[in-house]
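Below are the chains, spelled out letter by letter.
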Amino acid sequence: MKRKNKILISAVFLLIIAGIATAFAATAGSQDDPLVTKTYVDNIKAELTQMINSISSNTTGSTGGTAESGFTAVQLNAGQTVTASSGGIEVLTRRGDFVAVDPAGDGIVNLTSGTEHHNNEMLTLQNLYMIPRADGRGVKAQSDGAWVMVRGKYTVK
């Protein structure tokens, strides 16, 4: 009797496991749990790589770039200046020493403090500056390894 019970229990157990496995296998590849091929994953990876490379080439560069939808980190060396290449830009001073570049005397606005700065005046770190148009005004680094965050179309000279 004991042997028959063991066989019967084993058979029932195997049927239960087979039923569970069949239920899981039935949902794999369904609309709720799709299967994907290696080719599909490779194609998605290639598209993402292309998008990242496109974004990188449009937002950075030693001569300038564009950061219209957000800020781009730009490293400057002593004597380099960030100016607007078209329209206005915003510049957030992050690390280093900076002065205002204002050849016409119109000033750049410190949006953080609400003040205005003119040619060769020291700028404050962690402050946001507005350069309203591409007329030569900008932010000039006085130290190597200076960092700014820029939003808008800019040029580094």
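Residues numbered from 1 in each chain as written. Predicted model: local features only at pLDDT ≥ 70, side-chain atom pairs only at ≥ 80, totals over all residues. Heavy atoms only, no water.

Student: Give a description of the overall build of the protein chain that names residues and reports values.
Tutor: Within the protein chain one finds two helices and nine strands. In sequence order, the secondary structure elements of the protein chain are arranged as α-α-β-β-β-β-β-β-β-β-β. Taking the intrachain contacts of the protein chain between residues at least 6 apart in sequence as the baseline, contacts between residues at least 24 apart amount to 73%. (Helix = DSSP H or I, 4+ residues; strand = E, 2+ residues; numbered from the N terminus. Contact = heavy atoms within 4.5 Å.)

Student: Report on the pattern of salt bridges, specifying residues and quantitative values.
Tutor: Applying the stated criterion to the full structure yields three salt bridges. The salt bridge involving Arg 151 is made with Glu 90; its shortest N-O contact spans 2.7 Å. Residue Arg 151 is located in strand E9 (residues 146-156), and its partner Glu 90 is located in strand E3 (residues 89-95); the two are separated by 61 residues in the primary sequence. For Arg 137, the salt bridge identified is with Asp 135, shortest N-O distance 2.8 Å. One salt-bridge network, held together by shared partners, links Arg 133, Asp 135 and Arg 137. (Salt bridge = Lys/Arg side-chain N within 4 Å of Asp/Glu carboxyl O.)

Student: How would you sum up unusual backbone geometry? Please name residues and give values.
Tutor: If you check the backbone angles, Asn 120 has positive phi at about 65 degrees while not being a glycine. Along the chain, Asn 120 turns up in the loop between strand E6 (115-117) and strand E7 (128-131). Given the relative accessible area of 54%, Asn 120 is considered exposed. With a phi close to 60 degrees, Gln 126 is a non-glycine residue in the positive phi region. (Buried < 20%, exposed > 50% of the residue type's maximum accessible area, 1.4 Å probe, protein only.)

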